[in-house]
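Each chain is listed here by its residues.
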Amino acid sequence: AFGFSAIASVAAARYRHTERPQQFAALEIDQLERLRQSDLSLKEKAQEKGIVYGTFPEATDEQAAQDLQFQSYLVRECQLLAAGDVWGVFYPDSLESPYWQNIDYCRQFASDHQLLFKLDAAVWHEFLPIWLMEKFKDRQTTSTEIGNILRTMVQGVGQRYGAEAYAWSVVNEAIN
C-alpha cells in the first residue's frame, strides 16, 4: 500500500518560456483519436512528445520487492525510475556510515528492466538528516565545514552512482 510520484521532463525545453509554434500547440485530430483509442503506455505517449516519463516510488526496497503488481505497472508505464532523498537515505546518522541498500535496489531494478535511473535531490531543505540540521543551527559551525560536508556527500554519491545515473537533481529547494 504505497504510491508513486510522476516525473516528466520535457526534451524540447526551447519552448518552455516562449509562445509555442502552431504545429506544436495543437495535435492533429487523427493523432488525438489514435492516442485515445490506443493501448499505449504513459511512457510511449510521452515519448511521442519528446518527454521522458518516470516515477519516484514512495516505498522501501522491501515493499517494492514484494509488490509484483506495482513492479508490473512501473515497468509498463515508466521509462525512468528516480531514487533518492539522498541525505535521509544515504547518510541518516553521519557521513561515516552511509546506507546504500534502498538506492542499490532501485539502481538494480532500473538496470534489470531497461529503465533510466535518476538520482533525486541530494540537497533539499525538507529531507536533511537531523545531524546536519544540528550543524546548521550550531553557531560554531563554519561555512567551510558545511561546504566540506556537502562536497563529501555529493562526491561520495557521484562516485558510487554517477556512471549509471541518467540524471541527478543535486540541489532542489535548498533554502527554506
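Note that the structure is predicted; figures quoted are calculated from it, not measured.

Draft legend 1. Seen up close, the pairing of strand 4 (residues 116–120). Burial of strand 4 is extensive: four of the five residues sit out of reach of the surface. Sheet analysis places strand 4 next to strand 5 (residues 167–168), joined by two bridges and oriented parallel. Counterpart to K118 in the pairing with strand 5 is A167.

Draft legend 2. Structural context of the packing of helix 8 (residues 130–137) against helix 9 (residues 143–161). Where helix 8 meets helix 9, the closest approach of the two axes is 10 Å, and the angle between their N-to-C directions is 160°. Here helix 8 is positioned roughly antiparallel relative to helix 9, judged by the angle of their axes. Once helix 8 is placed against helix 9, the crossing between them reads as left-handed. Residues W131, L132, K135 and F136 of helix 8 touch helix 9, and the partners they reach there are E145, I146 and I149. Tallied by class, the residues present in the contact of helix 8 with helix 9 amount to five nonpolar, no polar and two charged.

Draft legend 3. Region of interest: the packing of aromatic side chains. Considering all chains together, one arrives at three aromatic pairs under this definition. Aromatic side chains W100 and Y161 sit 5.7 Å apart centroid to centroid with 65° between the ring planes, which places their arrangement in the edge-to-face category. Here W100, found in the loop between helix 6 (86–90) and helix 7 (101–112), pairs with Y161, found in helix 9; they are 61 residues apart in sequence, far enough to count as distant. You'll find W100 and Y161 in the same group, each marked buried. Both rings, one in F117 and one in Y161, keep their centres 6.1 Å apart while their planes meet at 55°; by these two values the pair is tilted. You can see F117 sitting in strand 4 and its partner Y161 sitting in helix 9, a full 44 residues away along the chain. Neither F117 nor Y161 differs from the other in exposure class; each is buried.

Draft legend 4. Representation of the side chain of T141. For T141, the location among the structural elements is in the loop between helix 8 and helix 9. Apart from residues no more than four positions distant in its own chain, T141 is found in contact with K135 and I146.

Draft legend 5. Representation of the pairing of strand 2 (residues 51–57) within the structure. Counting buried positions along strand 2 gives seven out of seven residues, so the element sits mostly inside the fold. Side-chain alternation along strand 2 places I51, Y53, T55 and P57 on one buried face and V52, G54 and F56 on a second face that is also buried. As paired strands, strand 2 and strand 3 (residues 80–84) are joined by two bridges and run parallel to one another. Bridge assignment links G54 to a residue of strand 3, and that residue is L80.

Draft legend 6. The environment of T141, seen in detail. Under the relative-accessibility criterion, T141 is labelled buried at 16%. Polar side-chain contacts of T141 include one of 2.8 Å to the backbone oxygen of K135.

Draft legend 7. Molecular detail of the nonpolar core. By size, the foremost hydrophobic cluster in this structure holds 26 residues, and its most contacted members are W87, Y91, F117, V157 and Y161. Per-element accounting of this core gives the leading share, five residues, to helix 9.

Draft legend 8. Inspection of empty space enclosed by the protein at higher detail. Counted under the stated rule, the structure contains one cavity of 30 Å³ or more. Estimates place the volume of the largest cavity at around 60 Å³. In this structure, the largest cavity is lined by P57, A64, F70, Q71, L74, L81, Y105, C106 and F109.

Draft legend 9. Seen up close, the environment of L115. Summarising the element assignment, L115 is placed in the loop between helix 7 and strand 4. Taking C-alpha positions, L115 is 6.4 Å from L81, a pair spaced 34 residues apart along the chain. Not counting residues up to four positions away in its chain, the partners in contact with L115 are L74, C78, Q79, L80, L81, F109 and A110.

Cut-offs used in this document
- Residues numbered from 1 in each chain as written.
- Predicted model: local features only at pLDDT ≥ 70, side-chain atom pairs only at ≥ 80, totals over all residues.
- Heavy atoms only, no water.
- Buried < 20%, exposed > 50% of the residue type's maximum accessible area, 1.4 Å probe, protein only.
- Helix = DSSP H or I, 4+ residues; strand = E, 2+ residues; numbered from the N terminus.
- Pairing = 2+ DSSP bridges.
- Axes fitted to C-alpha atoms, helices over the stretch in contact; angles between N-to-C directions.
- Parallel < 35°, antiparallel > 145°, perpendicular 65-115°, else oblique.
- Left-handed = near helix turned anticlockwise from the far one by under 90°.
- Contact = heavy atoms within 4.5 Å.
- Nonpolar A, V, L, I, M, F, W, Y, C, P; charged D, E, K, R; others polar.
- Phe/Tyr/Trp six-rings, centres within 6.5 Å; stacked < 30°, edge-to-face > 60°.
- Polar contact = N/O pair within 3.5 Å; in protein donor to acceptor, adjacent residues only side chain to side chain.
- Core = buried A, V, L, I, M, F, W, Y, C linked by side-chain atoms within 4.5 Å.
- 1 Å grid on protein atoms, 1.4 Å probe; cavity = no way out; pocket = protein on both sides within 12 Å on 5 of 7 lines; lining within 4 Å.
- Points joined across faces, edges and corners; volume = space filled by probe spheres on them.

The analysis is restricted to geometry; functional conclusions fall outside its scope.
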